[in-house]
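# A structural walkthrough
Read off the chains here:
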Amino acid sequence: MAITVSTNNVIGTQKLATVVALEVAKKAGFLKMASKDYFGSQINGKMKAGQSYDFILPDAGNTVDGLVADPRAIAERKVTLSIKSKVNSVETNALEGVTDLQWEKEIAKTYAANLINTILKEEVQNAVKEATTCFVGSGFKPIAEAGAYLQSITTEDLQGFIDPMAQAVLAANGQAFVPTGAPDALYGKGTLGNFQGVDYKAERWLQPLSVNVTAASAGIKTYATGASADTITLSGVSGNLKAGTPIFVDGAYACDTIGMETNAPYAFIVQEDVAASGDIKVKPIFTANNGTRTCSKAPEAGDSVSLPDNGKYGIAYIRATDAYNFSQVDKLDIKLSKEAGVGDVDGLRVTCNQFTDGKSATNMTRWDMCYMAGTIEPRLVTIGLFKNA
C-alpha cells in the first residue's frame, strides 16, 4: 500500500539523500575504519554494476648471501573486486496531503538502516572468510594472539571489530577493554576500547560460529586448486561445517606480506555451509616462493587436519589499514527521474531519485549505494574465535 505524506513534511531529494547518508555513515564503521579507497578515481564517472577492477600484489625480490646477485622475474598476483549496487525504495501518494508522516524521521532513518544493514551483513561475512589466519581458544587469549600476530608482521595501524557478546566474555574472565579517550564523533557508537594494542568496535554482523562435528584421525583426502576457490575433501570427519570454520593442516603455515613463512598455522576458511564429507570450498592459496606467497605449502593426501573444538564461538576480526578497500561511485543518475540528489557523509554516498507515475498518481523514491568493497591484502587480516569457558 502506498504511504501518504503531508506536503508540509516533504523535503527535497538533496537533503533527503544527505539524511540517509548520515544514517548510513553512523553504522558503517566496518567499511570506513581502517580501510582505503584504492579505486575511487578509476570508477567515478565510469560505473557499471558488476564491473571488476584488479589490485596487484607485488613480489618482494630475492635476497641472497654474498656479492653475487640472484635476480628473478617479477611475480605479481591479482586481487579482483567488483562494483556492487544496493537499492531501497518507497512509494508515496502523489497528493501527499493526508497524513502527518514525516520523511526525515519516519522514512529516511528506517530505510537507511535497512540499506546499510543489508550491505554490512554481506560484506562483514565476506571479510571474515578472507582471513588467512585464525586463533581459537577460551576467553580472550585467542584475541590477544590474533592482535599480536598482526603486530609482528606489520607496522600499520590495526582495527578490530568484535561480536558484541565480547563484553560478557570479558567480564566473566575479569578482563576489560581500556578506554581510548573521546570516541569518534561519527563512528563512536559501539566503540569498546583497546585490548592488547588493538582498538575494537562492536559489530553485530560478526555472528557467532557454531562447530559441531565428529573428527577422528581427521586428514586430507584430496586438495584441488581452482581459479576462484580451492577444494578440500576430508577423511575421518562427519557432520556439517558452517561457513567461516577454520581448517588447520599439519605443516601449512601462513606467510607475511613479503611471502616469508611465519609460525602461525594457515587457516583454510570454509566459504559456504557444507557437509564435512563433501567438497569444501576454501580461498585459493599461493605457495610459489616469492613475495605473493600466502601459505607455506599446499595440503597433500594424508596430511593431518585439526578443527576447533565443538561449541559456540564469538568472532573478533582484525585488519591492518591497507588490507581493505572501500570505494564509492560519485552519483547514479537515472533517466526519467524528476529530481535527483546525492548525500555525502565522510565519503559515504547515497543517491536519491524520485519518479512520478502519471497514471496511478504515485511517487517512488529510491536510495542507491554503488560501491566496491573487499579485502585487498588477506595476509593482513586475522580472526579470533573465542569461547567463554
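Residues numbered from 1 in each chain as written. Predicted model: local features only at pLDDT ≥ 70, side-chain atom pairs only at ≥ 80, totals over all residues. Heavy atoms only, no water.

## Re the pairing of strand E9 (residues 230–241)
- Relative to E9, strand E8 (residues 209–224) is paired through 9 bridges, and the arrangement is antiparallel. Pairing of Ala215 across the sheet is with Val237, part of E9.
- Linking two consecutive strands that pair antiparallel, namely E8 and E9, is a turn of 5 residues.
- Examined bridge by bridge, E9 and strand E13 (residues 280–282) share 3 bridges and lie antiparallel to one another. Bridging from a neighbouring strand, Thr231 pairs with Lys281 of E13. (Pairing = 2+ DSSP bridges. Helix = DSSP H or I, 4+ residues; strand = E, 2+ residues; numbered from the N terminus.)

## Observations regarding the nonpolar core
- Ile162, Tyr200, Phe268 and Tyr317 are the most contacted members of the largest nonpolar core, which has 86 residues in total.
- Grouped together as the second largest cluster of nonpolar side chains are 6 residues, Tyr53, Ile83, Met372 and Ile376 included. (Core = buried A, V, L, I, M, F, W, Y, C linked by side-chain atoms within 4.5 Å. Buried < 20%, exposed > 50% of the residue type's maximum accessible area, 1.4 Å probe, protein only.)

## Considerations on the confidence of the model for the protein chain
- With 70% of its residues at a pLDDT of at least 70, the protein chain reaches an overall mean of 79.
- Low confidence marks residues 1–11, where pLDDT is under 50. Its contacts with residues over four positions away, or in another chain, come to 39 contacts. (pLDDT = per-residue confidence, 0-100. Contact = heavy atoms within 4.5 Å.)

## So, the sheet that holds strand E10 (residues 246–255)
- Reading across the sheet, the 3 strands line up as E11-E10-E14 and stay open at both edges, with antiparallel pairing between neighbours. The sheet is open, and its two borders are formed by strand E11 (261–269) and strand E14 (305–306), each paired with just one other strand.
- The pairing of E10 with E11 spans 5 bridges and is classified as antiparallel. Counterpart to Cys255 in the pairing with E11 is Glu261.

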